[in-house]
Amino acid sequence: MLDNGPLRTTFRLEYDAWEVKGMKVSAAKTVSLDAGSQLSRMEATYSYDQTEPLPLVVGIIRRKDPGKMLLDEQQGLMGYWEPEIAKDGITGVGTILLTPALKMNLTNEQLLMHTISNDQQKLVYYTGAAWNKAGVYTNAADWFAYLQRFKEKISQPLTIE
């Protein structure tokens, strides 16, 4: 736990090394949860002993039944408004990648955004969700607009002089 206040909670996760294409890779991830935000900030750092970039993918699970999608490769923005699950309602999920996305693709199970990272380079992205029964974002258009506004805000942060 790095901090735990009324406006932000931040913690760090460290993962044991694993093998990727013959090289040992370890990772550390810092997660920040801000009060009033639907999205959490993820900062992942991968360590390995080779000079070639490490391919990385950030994704969203896709349901069997059709949902609505927002895919903006140039903005590094993915949104998914899941199909309704009977009385449980609908969940909207989103991811915003700050590192340039190399490509996006869809499978039957996932929405995927591909990028790369070099040794010790930080991969920063935001991810989170909304539930229609909470009454804040009750349809795909509102959820996707929130994701686009969020992307605009983090792309043009407030500066104090």
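Cut-off values and rules
Residues numbered from 1 in each chain as written. Predicted model: local features only at pLDDT ≥ 70, side-chain atom pairs only at ≥ 80, totals over all residues. Heavy atoms only, no water. Helix = DSSP H or I, 4+ residues; strand = E, 2+ residues; numbered from the N terminus. Buried < 20%, exposed > 50% of the residue type's maximum accessible area, 1.4 Å probe, protein only. Contact = heavy atoms within 4.5 Å. Core = buried A, V, L, I, M, F, W, Y, C linked by side-chain atoms within 4.5 Å. Pairing = 2+ DSSP bridges. Axes fitted to C-alpha atoms, helices over the stretch in contact; angles between N-to-C directions.

### Focus: the environment of Trp18
Checked against the element boundaries, Trp18 lands in strand E2 (residues 8-20). On the accessibility criterion, Trp18 (36% relative accessible area) is partly exposed. The residues contacting Trp18, other than those within four sequence positions of it, are Met23, Lys24, Val25, Ser26, Ala27 and Tyr46.

### Quick word on the nonpolar core
Counting residues in each nonpolar core, the largest one holds 22 residues, and the members touching the most others are Tyr46, Leu54, Leu97 and Leu123. Those elements that place two or more of their residues in this core are strand E3 (23-34), strand E4 (39-47), strand E5 (54-61), strand E7 (77-81), strand E8 (91-97), strand E10 (110-117) and strand E11 (122-131). Discounting chain neighbours no more than four positions away, the residues touching Leu97 are Val58, Gln75, Gly76, Met113, Thr115, Leu123, Val124, Tyr125 and Lys151.

### What about the sheet that holds E5?
Read from one edge to the other, the open sheet built from three strands follows the order E5-E10-E9, with strand pairing classed as antiparallel. Either end of the sheet is taken by a strand with one partner, and the two such strands are E5 and strand E9 (103-106). Recorded for the sheet is a direction-independent mean angle of 25 degrees between the axes of neighbouring strands. Summarising the sheet, E5 and E10 pair through eight bridges and their orientation is antiparallel. Bridge pairing links Ile60 to Leu111 in E10.

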